[in-house]
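Letter by letter, the chains look like this.
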Amino acid sequence: MTRFKLFKNHPALCAGILVLTLLSTAAYAETTHLATTDGGFKTTHGLTYTITSDEMVAKGPEHRTDQFGDNPYEISLGALFSDDGVVMVHAERVANQSGASNYQDLARSKWPDDSFRFSGATCIDVSAAEIEGEHDLEWLRDNGFEPTGPMVFVQYYATTNDFNDEIVITLLARVDACTPELEPSEKLAPLRDSVVVKRAD
C-alpha cells in the first residue's frame, strides 16, 4: 500500500487513486519479505520475484512495520540506483490479513508482466519541504539520491489473490522540467530497460 502522501498535492495524478498517510512512528519489523540476490533483490513472501540490474547499484533492503489507515503492514524496501533515476522495490504484507492491498481499481500493465497494475506515469516537481515526513523519499535521500525538483514517476502493483501480499515497483527519474510536451513514459523507458523483473517460483 505504498502510495506517497506528497503526490496527492499534484493534480496530475488520477483523482481515483487513494493516497494513504504514512505514520511517523514506524518500528522495525521482525518479518522480512525482501532479500538480496545477484544484481538486486528477491521477494520472499507469497509473490516470489527477482528484480535485478547489471547497470544499477542495489541498496537495502530495510525492514519495518507501518500503519496504512486501519491496517498494519510489514514492509521491506530496497532500491536500484543510477545517476539520474531509481527503481524502488517494496515487498509488503497486510499483517492482520484483512485483504487491504487491493489495486483492482487500477489499469493492468504489460510491464513487468500482466499480473501488475499501474497508476499511470506523470511528472511532478517536488520541493525539499514535501520530502519531510515521507519515509521512502527520506530513505532515498539518505542513500544518495536527492528526490527533489522535476521528476517523472510511475508505480506498478501486484498482489496475491487474497490481497494480503504485494509488490510495488516505483520508477523515478529526473527531468529538466515538467512541460506539456513531456512524455513521462518515454522518459522512464531507460529505467524499465535497465531492470529485469522475473517470477522466481
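Scroll up to find the structure this text is about.
Note that the structure is predicted; figures quoted are calculated from it, not measured.

Analysis parameters
- Residues numbered from 1 in each chain as written.
- Predicted model: local features only at pLDDT ≥ 70, side-chain atom pairs only at ≥ 80, totals over all residues.
- Heavy atoms only, no water.
- Helix = DSSP H or I, 4+ residues; strand = E, 2+ residues; numbered from the N terminus.
- Buried < 20%, exposed > 50% of the residue type's maximum accessible area, 1.4 Å probe, protein only.
- Contact = heavy atoms within 4.5 Å.
- Areas by Shrake-Rupley, 256 points an atom, 1.4 Å probe, with all protein chains shown as cover.
- Core = buried A, V, L, I, M, F, W, Y, C linked by side-chain atoms within 4.5 Å.
- Disulfide = S-S within 2.5 Å.
- Pairing = 2+ DSSP bridges.
- Arc of directions from axis to C-beta.
- Salt bridge = Lys/Arg side-chain N within 4 Å of Asp/Glu carboxyl O.

A.B. asks: Please clarify how the overall build of the chain should be interpreted in this entry.
C.D. replies: Each helix and strand counted, the chain has three helices and 12 strands in total. Counting every position in the chain, which comprises 201 residues, the buried fraction comes to 51%. Looking at the chain alone, contacts between residues at least 24 apart form 65% of all its contacts between residues at least 6 apart. As presented, the chain carries roughly 9200 Å² of accessible surface, and 46% of it is formed by carbon and sulfur atoms.

A.B. asks: I tried to follow the nonpolar core on my own but got confused; where do I start?
C.D. replies: Most often, soluble globular proteins keep nonpolar side chains buried together rather than apart. Among the nonpolar cores identified, the biggest contains 27 residues, and Ile-51, Val-87, Ile-169 and Leu-171 are the most heavily contacted of them. Of all the elements in the fold, those that place two or more residues in this core are strand S3 (49-52), strand S6 (85-94), strand S10 (149-159), strand S11 (165-174) and helix H3 (184-194).

A.B. asks: Explanation requested: the state of the cysteines in the structure shown.
C.D. replies: As used here, a disulfide is simply a covalent bond connecting the sulfur atoms of two cysteines. Going through the model one piece at a time under the given rule, you end up with one disulfide. With its sulfur 1.9 Å from that of its partner, Cys-123 forms a disulfide with Cys-178. Here the disulfide of Cys-123 and Cys-178 is left-handed, its torsion about the S-S bond being about -80°. With Cys-123 in strand S9 (residues 122-126) and Cys-178 in the loop between S11 and H3, this pair connects stretches of sequence that are 55 residues apart. The exposure class assigned to Cys-178 is partly exposed, which follows from its relative accessible area of 35%.

A.B. asks: Is there a simple way to think about the pairing of S6 in this case?
C.D. replies: Walk down a regular strand and you will see the side chains alternate between the two sheet faces. With nine of its 10 residues buried, S6 lies for the most part within the structure. With nine bridges connecting them, strand S5 (residues 71-81) and S6 associate as antiparallel partners. Following the sheet pairing, Ala-79 is matched in S6 by Met-88. Connecting the antiparallel pair S5 and S6 is a turn made up of three residues. Where S6 and S11 come together, nine bridges link them in antiparallel fashion.

A.B. asks: Can you walk me through the pairing of S3 in this structure?
C.D. replies: Burial along S3 is two-sided: Tyr-49 and Ile-51 and Thr-50 and Thr-52, pointing in opposite directions, are all buried. Hairpin connection of strand S2 (residues 40-43) to S3: five residues between the antiparallel strands. Here S3 runs beside strand S12 (residues 196-199); their pairing, made up of four bridges, is antiparallel. By the bridge assignment for S12, Tyr-49 is matched with Arg-199.

A.B. asks: Before we go on, may I ask you to explain the environment of Val-89 in this structure?
C.D. replies: Mapped onto the fold, Val-89 is located in strand S6. By relative accessible area, Val-89 is classed as buried at 0%. Expressed as a C-alpha distance, the spacing of Val-89 and Pro-61, which sit 28 residues apart in the sequence, is 8.9 Å. Look past the residues within four positions of Val-89 in its chain and what remains in contact with it is Leu-34, Ile-51, Ser-76, Leu-77, Gly-78 and Val-168.

A.B. asks: Which parts of the structure should I look at to understand helix H2 (residues 135-142)?
C.D. replies: Quick reminder: α-helices carry 3.6 residues per turn. Residues three or four places apart thus point the same way. Among all positions of H2, only Asp-136, Leu-137, Trp-139 and Leu-140 are buried. The buried residues of H2 all sit within an arc of 155° when viewed along its axis, so they share a single face. One or two steps after H2, the chain reaches Gly-144, where phi turns positive at roughly 100°.

A.B. asks: Explanation requested: the pattern of salt bridges in the structure shown.
C.D. replies: A side chain with one charge can pair with a side chain of the opposite charge if their charged atoms come near. The full count for this structure, using the stated rule, is six salt bridges. Between Asp-66 and Arg-64 there is a salt bridge, and its shortest N-O distance comes to 3.4 Å. No difference in accessibility class separates Asp-66 from Arg-64, as the two residues are buried. Between Asp-136 and Arg-64 there is a salt bridge, with the nearest N and O atoms lying 3.8 Å from each other. With Asp-136 in helix H2 and Arg-64 in strand S4 (residues 57-68), this pair connects stretches of sequence that are 72 residues apart.

Read these as spatial facts, not as claims about activity.
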